[in-house]
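Coordinate inspection notes
Letter by letter, the chains look like this.
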Amino acid sequence: MHDSSLTLKRETAEGQLEQHRSELTAYCYRMLGSPFEAEDAVQETLVRAWRSLDRFEGRAALRSWLYRIATNVCLDMLSGRERRARPMDLGPAREPVESNLNTLPEVTWIEPLPDSVLAPERDPAEVAVARETIRLAFVAALQQLPPRQRAVLILCEVLRWKAAEVAELLETSVASVNSALQRARATLDAIDVAEPAPELDRSERELLARYVTAFEAYDIEALTTLIHEDATQSMPPYDLWLSGRDDIFEWWLGPGIGCRGSRVIPTVAANGSPAFGQYKPSDSGSGFEPWALQVLEVTDGRIAELTFFLDTEQVFPLFGLPARLDS
């Protein structure tokens, strides 16, 4: 009897820990800029919590305790390493020529996060805030903050914790938290992160459908009406990024001409933005091979930013995209 009640107690505790997995993943993603590292961090957090459950006295809420563990895990992971970035964080746009297509082995890139990670959150207002604060530009801006400032800003500004709660979590003073928050806000203001676009309306969904049709047809005339004149494009893991529709099209018709004839299929949104799996015609002449996860930002009725994540081996399974298309 004693054994069965103990088992039941531990199963209940495990369930209580698991119910926080989704929000912890979003938090760790903002801290680390990688869904894979975030998953590792959350797993480590839950393992540490499980091992220490007998010593958890309940003086702090379980959620606060888990965030303390997760923050320490993230700070450990961030110790002594370079920040993750987007190509536009590292230098100016360059000409759309193949010789500018370089990889930087010392740089690790911001990686996309499926919005489905946020789905378990119940309050629609909370989900909306969560989507806004995992946008690629916002996550990239967060990476420019020192790790402890990053944690303070996320906890105070995104998760709406009180300064006293954050001070307790970080084992520091309220004055120290407020000072870190002030410096973090000043850094983000200097970066000038664009305001998030509202959820897509019907006309914007129609715009994306027209984009898919035009991209598959490689109809540059049609694409011209859909993409902002000052749009940008990046292609991690390459550091090259392009500024302006003319340069983007020059790339598509030059070094990127292999994308002609691609298939593009919608998938779950990435970082609060519409996403598509792109498959290029196979060199074998049969079927289509994975090429990129396209993440698009829509502003004022046109596509303003295109990010092509080329690490399909990692990213496609994360987004539930097939390994290849037969037709």
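To keep things clear, this report deals only with the structure shown in the data block. Computed from a predicted model, the values in this text were never measured in an experiment. (Residues numbered from 1 in each chain as written. Predicted model: local features only at pLDDT ≥ 70, side-chain atom pairs only at ≥ 80, totals over all residues. Heavy atoms only, no water.)

**Section: the packing of aromatic side chains**
Counted only if it meets this: Aromatic rings from Phe, Tyr and Trp, with only the six-membered ring used for Trp, were paired whenever their centres fell within 6.5 Å, and each pair was classed as stacked if the ring planes differed by under 30 degrees, edge-to-face if by over 60, and tilted otherwise. Secondary structure elements follow DSSP: runs of H or I of four or more residues count as helices, runs of E of two or more count as strands, with numbering from the N terminus. Between buried and exposed lies partly exposed: a residue is buried under 20% and exposed over 50% of the maximum accessible area for its type, with that area taken using a 1.4 Å probe on protein chains only. The rule is short: NZ of Lys or CZ of Arg within 6 Å of the ring centre and within 35 degrees of the ring normal puts a charge over the ring.
For the structure shown, the criterion picks out nine aromatic pairs. Ring geometry for tyrosine 67 versus tryptophan 161: centroids 5.3 Å apart, planes at 65 degrees, classification edge-to-face. Placement of tyrosine 67 in helix α4 (residues 62–78) and of tryptophan 161 in the loop between α7 (147–158) and α8 (163–170) is noted, with a sequence separation of 94 residues between them. On the basis of relative accessibility, which here comes to 9%, the residue tryptophan 161 falls in the buried class. Ring geometry for tryptophan 252 versus phenylalanine 308: centroids 6.5 Å apart, planes at 70 degrees, classification edge-to-face. Within this pair, whereas tryptophan 252 is found in helix α12 (residues 245–253), its partner phenylalanine 308 is found in strand β6 (residues 302–309), the two being separated by 56 residues in sequence. Considered together, tryptophan 252 and phenylalanine 308 belong to a single accessibility category, that of buried residues. What links up through ring pairs into an aromatic cluster is the set Tyr211, Phe215, Tyr218, Phe249, Trp252 and Phe308. Directly above the ring of phenylalanine 288 sits arginine 263, whose terminal nitrogen or CZ lies 5.9 Å from the centroid. Taking NZ or CZ as reference, lysine 280 lies 3.6 Å from the ring centre of tryptophan 291, over its face.

**Remarks on the sheet that holds β6**
By way of backbone hydrogen bonds, the strands of a sheet pair with one another, either parallel or antiparallel. Threshold: One bridge is not enough; two strands pair if DSSP finds at least two bridges between them. Here an axis means a line fitted to C-alpha atoms, over the contact stretch when the element is a helix, while the angle between two N-to-C directions is reported on a 0 to 180 degree scale. The contact rule is simple, with two residues in contact once any of their heavy atoms fall within 4.5 Å.
Reading across the sheet, the six strands line up as β2-β1-β6-β5-β4-β3 and stay open at both edges, with mixed pairing between neighbours. The outermost strands of the open sheet, each flanked by one partner alone, are β2 (241–243) and β3 (263–270). Put simply, the sheet's adjacent strands are angled 25 degrees from each other on average, direction ignored. Across three bridges, strand β1 (residues 227–234) lies against β2 in antiparallel orientation. Each bridged residue has a counterpart across the sheet, and for serine 234 the counterpart in β2 is tryptophan 241. Docked against the sheet, helix α10 (residues 202–217) engages β3, β4 (273–281), β5 (288–299) and β6, running at close to 145 degrees with respect to β5. Packed on one face of the sheet, α12 meets β1, β2 and β6 and runs near 55 degrees to β1.

**Things to note about the pattern of salt bridges**
Spelled out, the test is: Any carboxyl oxygen of Asp or Glu within 4 Å of a side-chain nitrogen of Lys or Arg constitutes a salt bridge here.
Throughout the structure, instances matching the rule amount to 16 salt bridges. Glutamate 18 serves as the salt-bridge partner of arginine 21, at 2.8 Å between the closest nitrogen and oxygen. Overlapping salt bridges, with partners in common, bring together Glu37, Arg81, Arg84 and Glu111 in one network.

**A short note on the pairing of β6**
Among the eight residues in β6, six count as buried, and that is most of the element. In this structure, β1 lies alongside β6, joined through four bridges in parallel fashion. Its bridge partner being in β6, threonine 232 is matched across the sheet by glutamate 305. Relative to β6, β5 runs antiparallel, the two sharing seven bridges. Across the sheet, residue glutamate 297 finds its bridge partner in β6, namely glutamate 305. Hairpin connection between β5 and β6: a loop of two residues separates the two successive antiparallel strands, and aspartate 300 in this loop has a positive phi of roughly 50 degrees.

On their own, these measurements won't tell you what the molecule is for.
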